[in-house]
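Working through the structure, step by step
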Amino acid sequence: MMTVAISATAGADALQDQVVAGARAVSPTGYAFTQTTRVERTGAAAKTFVSRYDPARAVGQRWTLVSIDGKAPSAKEAASAAKAAKAQDVPSYAEIAKWFGGPATRIAQTPTSVTYRFARLPKGIVKMGKHDASADTSAEATVDLSGRAPVVTRVRFASTTAFRMALVVKVERYGVVTTYRPGPDSHPVIDAATVEMAGSVLGKAGTMTIRTGFGDMRSVR
């Protein structure tokens, strides 16, 4: 299959509008799922966390930390995880609607896919601690055209410059790759995400990789 490299206009086109409309049709709290996250970082043993999200429960009780390295969490660990969950958005295909309509360039196209590049992201899309890295983040997104409606199947965010999250924490570079797949009711759902970061804390260099998988997807109405 031939891939054509192109450099089309910057500005939302009709296909982008269709993708945004499709993402808006997906409820960010429409699915229960199990989230498995493995964290690997310099100087520390790898850890695996398993959590469960259930939107049918009360708002403050939707996230449950199931295990850490295969063992039940302590009350303190469970409470800490619940507090952290309140500050983050639920991983969802719906998040694409927040930025995919922005200025972009078509960088590749085949009969069944189009890949867009976004030079920067809108404010508030990428937050690390108190730092908003959106303006210093580029994105590439592949849209699958083989179905009845266009669907984003892969997104890659990448830093375009180094920055500080805090006085003693510097991020030299980071990248995030997220993939999506058909869900239980034909709407796309998040499948996996991998975050890779390199930087320093108090001048000591290190790296961190976070791999997250999403399973047991169940539609909740």
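Everything numeric here is computed off the predicted structure, so don't read it as measured data.

What about empty space enclosed by the protein?
This structure, assessed with the given rule, holds one cavity of 30 Å³ or more. As a volume, the largest cavity reaches approximately 70 Å³. Forming the walls of the largest cavity are 15 residues, and the residues nearest its centre are Pro28, Tyr31, Pro91, Ser92 and Met217. Of all the elements in the fold, those that place two or more residues in the lining of the largest cavity are strand E1 (31-41) and strand E12 (188-201). For the lining of the largest cavity, the class distribution of residues is eleven nonpolar, four polar and no charged.

What to know about the confidence of the model for the protein chain
Mean pLDDT for the protein chain: 92, with 95% of residues reaching 70 or above. Within the model, the stretch residues 1-10 combines pLDDT values under 50 with 27 contacts to residues more than four positions away or in other chains.

Details of the layout of surface pockets
If you add up the space inside the second largest pocket, you get close to 450 Å³. Breaking the lining of the second largest pocket down by element, the ones donating at least two residues are helix H1 (14-24), strand E9 (151-159) and strand E11 (169-182). Looking at the lining of the second largest pocket residue by residue, the classes come out as ten nonpolar, six polar and four charged.

Description of a nonpolar patch on the surface
A cluster of nonpolar side chains, contributed by Leu167, Val168, Val201 and Leu202, occupies part of the molecular surface with about 440 Å² of accessible area. Here Val201 lies in strand E12.

The rules behind each value
- Residues numbered from 1 in each chain as written.
- Predicted model: local features only at pLDDT ≥ 70, side-chain atom pairs only at ≥ 80, totals over all residues.
- Heavy atoms only, no water.
- 1 Å grid on protein atoms, 1.4 Å probe; cavity = no way out; pocket = protein on both sides within 12 Å on 5 of 7 lines; lining within 4 Å.
- Points joined across faces, edges and corners; volume = space filled by probe spheres on them.
- Helix = DSSP H or I, 4+ residues; strand = E, 2+ residues; numbered from the N terminus.
- Nonpolar A, V, L, I, M, F, W, Y, C, P; charged D, E, K, R; others polar.
- pLDDT = per-residue confidence, 0-100.
- Contact = heavy atoms within 4.5 Å.
- Patch = residues over 30% accessible without salt bridge, like charges linked within 9 Å, V, L, I, M, F, W, Y side chains within 5 Å.
- Areas by Shrake-Rupley, 256 points an atom, 1.4 Å probe, with all protein chains shown as cover.
- Salt bridge = Lys/Arg side-chain N within 4 Å of Asp/Glu carboxyl O.

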